[in-house]
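Spelled out from the first residue to the last, the chains are:
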Amino acid sequence: MSRSDRKTTAARQPLLREATATLALLADEDDFAAMREYPPFTALGGYRAYLRQTEEALRALAARDGHTTVALLDPDRYHAYCTEHALDPAKPASRARYTAEVAAAGATVPYDGQPVGLLLPQLVDAAERRAGLEFATTLLAAAGACPGCGEDIGRTACSRASQALLRLAAAAGPGVHHLVCSMPAGPAPLTAALHVESGERGGLRSPEAETLLFCSVLAAGIATGAPGGVVLRTSVPDGRDRLRGWALRGAWLRPLTAAEVFSAYCTDPETGEPVAPEPGVDHLPGFDLPEPDGCCGPPADGG
């Protein structure tokens, strides 16, 4: 190697340490089986061996001082992607291209040395949040204009959802709050969970990604007129948890009674049979939330 080549290599090393790496990970044995016909999966003894090799690869990537993230390799989406772009699914280059696009969409988890067993649930949650956000965004984009005032329903619904969250957190007061918003959307409900901490002086802390999904799902319910709702669970030190609920009606959250909250929590959603109430929990009515001005909501036909 010439002196010039050695200087070039030495200059390149700091840049390589700044490069990022993303590795796509199969979530379970069924996904592994769906990719088993492609190398390098064909040479592995099974899903556990695949996880061991993945963990070794992650450690090696992290050891070179680069920022490493993990994305979810969904076989169905991967095959659809290869078909759309005329790619050979057996080639590693095709998986690398797919992984890069998944990472660009934001559904990744940083690798900080945690075991793959802990990384997988984080990754699945991130992918589900991303899918939920994409679906909610699609519903909002398709909502059209308000027949009453002509304003864009999706935009107004997002504004209402943000105001609803702020008013919920303010009315709930100091403490640790867990909110769940759900609405029917095809074969499975569209749901979003949000962890919020409110301080004594009114400060509000919540994860950005969770907040965006929560407001988007709530906005989608407002925009489409879906019969959704929100449940709020508040925990305070050395006290009983408090459960409250609201139903989404008329493009706003309307409080449920204590009996309705109890019924919602103490009924099996699949069988309709009653279940025992959780100890240490009070079922309380939702409080009234001042509704913003404006007539925007779903079209008159509820679509």
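Values in this document were obtained by computation on a predicted structure and should not be read as measured data.

**Looking at the overall build of the protein**
Moving on, step 1. In terms of helices and strands, the protein carries 9 helices and 10 strands.
Moving on, step 2. Here the protein holds 303 residues, and the buried ones make up 37% of them.
Moving on, step 3. Taking contacts inside the protein between residues at least 6 apart in sequence as the whole, the part at least 24 apart equals 62%.
Moving on, step 4. For the protein, the accessible area works out to roughly 16600 Å², and carbon and sulfur atoms hold 55% of it.

**Some points on the side chain of Asp241**
Moving on, step 1. Along the chain, Asp241 falls in strand 8 (residues 241-249).
Moving on, step 2. Apart from residues no more than four positions distant in its own chain, Asp241 is found in contact with Arg233, Thr234, Ser235, Gly280, Val281 and Asp282.

**Topic: the packing of aromatic side chains**
Moving on, step 1. Enumeration according to the criterion identifies 8 aromatic pairs in this entry.
Moving on, step 2. Ring geometry for Phe32 against Phe41: centres 6.2 Å apart, planes inclined by 90°, an arrangement best described as edge-to-face.
Moving on, step 3. Residue Phe32 is classed as buried on the basis of its relative accessible area of 3%.
Moving on, step 4. Ring centres 5.1 Å apart and planes at 65° place the aromatic pair Trp246 and Phe287 in the edge-to-face group. Residue Trp246 is located in strand 8, and its partner Phe287 is located in the segment after strand 10 (281-283); the two are separated by 41 residues in the primary sequence.

About the cut-offs
- Residues numbered from 1 in each chain as written.
- Predicted model: local features only at pLDDT ≥ 70, side-chain atom pairs only at ≥ 80, totals over all residues.
- Heavy atoms only, no water.
- Helix = DSSP H or I, 4+ residues; strand = E, 2+ residues; numbered from the N terminus.
- Buried < 20%, exposed > 50% of the residue type's maximum accessible area, 1.4 Å probe, protein only.
- Contact = heavy atoms within 4.5 Å.
- Areas by Shrake-Rupley, 256 points an atom, 1.4 Å probe, with all protein chains shown as cover.
- Phe/Tyr/Trp six-rings, centres within 6.5 Å; stacked < 30°, edge-to-face > 60°.

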